[in-house]
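Here are the chains, one letter per residue:
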Amino acid sequence: MSFRDRGAASGQPALRSAPNDGLAPDAGNVLPVFARGMATLPGELGDLGRRLASATENADWATVARVLRQFLDKYLRDFAAALDAPSAAEAEQLRDLLRQAVGVALASLLRPLPVLADESAAVAGDLKRWSPGADLSPLAARVRELCHQVGVHAGEAAEQQALLLELFDLLLENLFELLDDGSWLRAQVAAVRNLLAQEPDRQALEATRQGLRELAYQQGLLRRGIEQSKDAMRVMMASFVEGLDGMAAETGEFQDRLQTHLAAIREARTIADLGHRLEDVLDDTRRLQEQALRSHEQLQAARADVEAAEARVRELESRLRDIGELASSDPLTGALNRRGFEELYGRVLEQAEREAWPVAVAVVDLDEFRKLNATHGHAGGDAALCHVVQVLRDGLRKEDAIARYGGEEFVLLMPRASLEEALALVQRMQRELAGRPLAHEERRIEVRFSAGVTVRQLGEDGERLLKRADRALYRAKQDGRNRVVAVR
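If you're wondering where the values come from, they're calculated on a predicted model, not measured in any experiment.

A. Representation of the packing of aromatic side chains within the structure. Across all of its chains, the model carries two aromatic pairs by this definition. Ring pairing ties together the aromatic residues Phe-341, Tyr-345 and Tyr-405, which thus form one cluster. It is Arg-338 that lies over the ring of Tyr-405; its NZ or CZ is 4.0 Å from the centre. Taking the ring centre of Trp-357 as reference, the NZ or CZ of Arg-416 above it sits at 4.1 Å.

Structure, rendered in structure tokens:
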């Protein structure tokens, strides 16, 4: 009995021999239809289709299962793998990208390690010679080993860098202790130590380097000016002393001449001889008087020059101290830097504790500053930082202070301000900033910030106060940015 007859005998609808055009097969004849369609294919697939059709017709389900598994293993698995596998062009593209990453980027970073740099270049050469289909196992092993060695040496390099920074900081600490409190160099050392403690980014390091370089240049000019003024003073004093020596010599000569005149007067026999000798005495006296007058004038002039030189030295030394104080300011924005803020902060908190008045602080952070930098470049980012500082400075009271505490983070110090007053002040500055967009290179830059505000409790230390304000800032960021959150 055929498969079709058995279906009819069992009460199932008889299978159609083949579906008509436009007529979908039903569940009972899907397999026969698939087998007959497969039988029309050329080659080995056609043979498999005919075998499947025959086995289906004769209800030989073991053969049906074997033919379907053969079809699955030989054709469908390879086809599915081919769909997932990259094409030859894609494999070559991946090879070239990996070669550039290993042979160019990684090799340039490994220049301080010649052995690893040579291995990176060698691996890149082998990658260039590799073609799709070739064995990747040796290359894969070399790349894995190279990555392992890079990781090991990177850890060692990081440890060495940290150790060098610690040694440098220790050296700066010892130098700081050896300097006088009023030394301008002490301020520079403290600025560098504070910078190292912050783990600064490249921008902060570059700004500080430029500021210290300019500071050192101006200090060199002032130092040379001081030395030149002192040299001029020494020359004037030496000239004056030489003049005194000359006057003393002439005075001694005058004394000798007076003795000669006195002896001649005693030996004079006539009035005429006495008259001539008197004229000689008056002549010598007049010359001595003129010399004394010139010496007096020279003395007055030398004294005036010395006083002017001393005033110039005092002025230059005062300017040198003023320039040393620049180490307390951020070279880009003009706001206090971390060192300057901490010095002021300590004094304000000490007075507030002593006199029992409140101190409010606000931590301000620019919103999406990295995006602003990416859009407008570092010059636009720097202009935005300066613009924000100017707006904040315009909105602060006379006794308030602003400090740049990080890359785009600022701290506002508001003595004698309650929490409500500080909150209102920061919100007003936020609205002012929104109404004053920055014009940079004929482009409009809108800058926004989030802030956390808090007020000091009696007995509270400064670090805890700043941490509470920082947590309020974090809440402002979480709530959607461009907000001010106040906490007690």
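B. Region of interest: helix 14 (residues 462–478). Look at helix 14: 25 Å from first C-alpha to last across 17 residues, which is about the 24 Å you get at 1.5 Å a residue. Those residues of helix 14 lying buried are Gly-462, Leu-465, Leu-466, Arg-468, Ala-469, Ala-472, Leu-473 and Ala-476. Down the axis of helix 14, the sector holding all buried residues measures 160°, keeping them to one side. Exposed side of helix 14, more than 90 degrees from the buried face: Glu-463, Arg-464, Arg-471, Tyr-474 and Gln-478 are the residues found there. Tucked inside the fold, the buried residues of helix 14 contact helix 11 (338–355), strand 1 (359–366), strand 3 (409–415), strand 6 (449–455) and strand 7 (484–486). Taking the backbone nitrogen of Glu-463 as reference, a side-chain oxygen 3.3 Å away marks Asp-461 as the first, capping residue of helix 14. Looking one or two residues beyond helix 14, the residue adopting positive phi is Gly-480, at roughly 120°.

C. Highlighting the sheet that holds strand 6. Taken in spatial order, the five strands of this open sheet run 2-3-1-6-7, and their pairing is mixed. Looking at the sheet topology across the chains shown, the edges are occupied by strand 2 (401–404) and strand 7. Pairs of neighbouring strands in the sheet enclose a mean axial angle of 20°, with direction left out of account. Most of the contacts of helix 11 go to strand 3, to which it runs at about 25°, and overall it touches strand 1, strand 2 and strand 3. Seen against the sheet, helix 12 (residues 369–395) touches strand 1, strand 2, strand 3 and strand 6 and runs at an angle of roughly 160° to strand 2.

Criteria and thresholds
Residues numbered from 1 in each chain as written. Predicted model: local features only at pLDDT ≥ 70, side-chain atom pairs only at ≥ 80, totals over all residues. Heavy atoms only, no water. Phe/Tyr/Trp six-rings, centres within 6.5 Å; stacked < 30°, edge-to-face > 60°. Lys NZ or Arg CZ within 6 Å of the ring centre and 35° of its normal. Helix = DSSP H or I, 4+ residues; strand = E, 2+ residues; numbered from the N terminus. Expected span 1.5 Å × (residues − 1). Buried < 20%, exposed > 50% of the residue type's maximum accessible area, 1.4 Å probe, protein only. Arc of directions from axis to C-beta. Contact = heavy atoms within 4.5 Å. Polar contact = N/O pair within 3.5 Å; in protein donor to acceptor, adjacent residues only side chain to side chain. Pairing = 2+ DSSP bridges. Axes fitted to C-alpha atoms, helices over the stretch in contact; angles between N-to-C directions.

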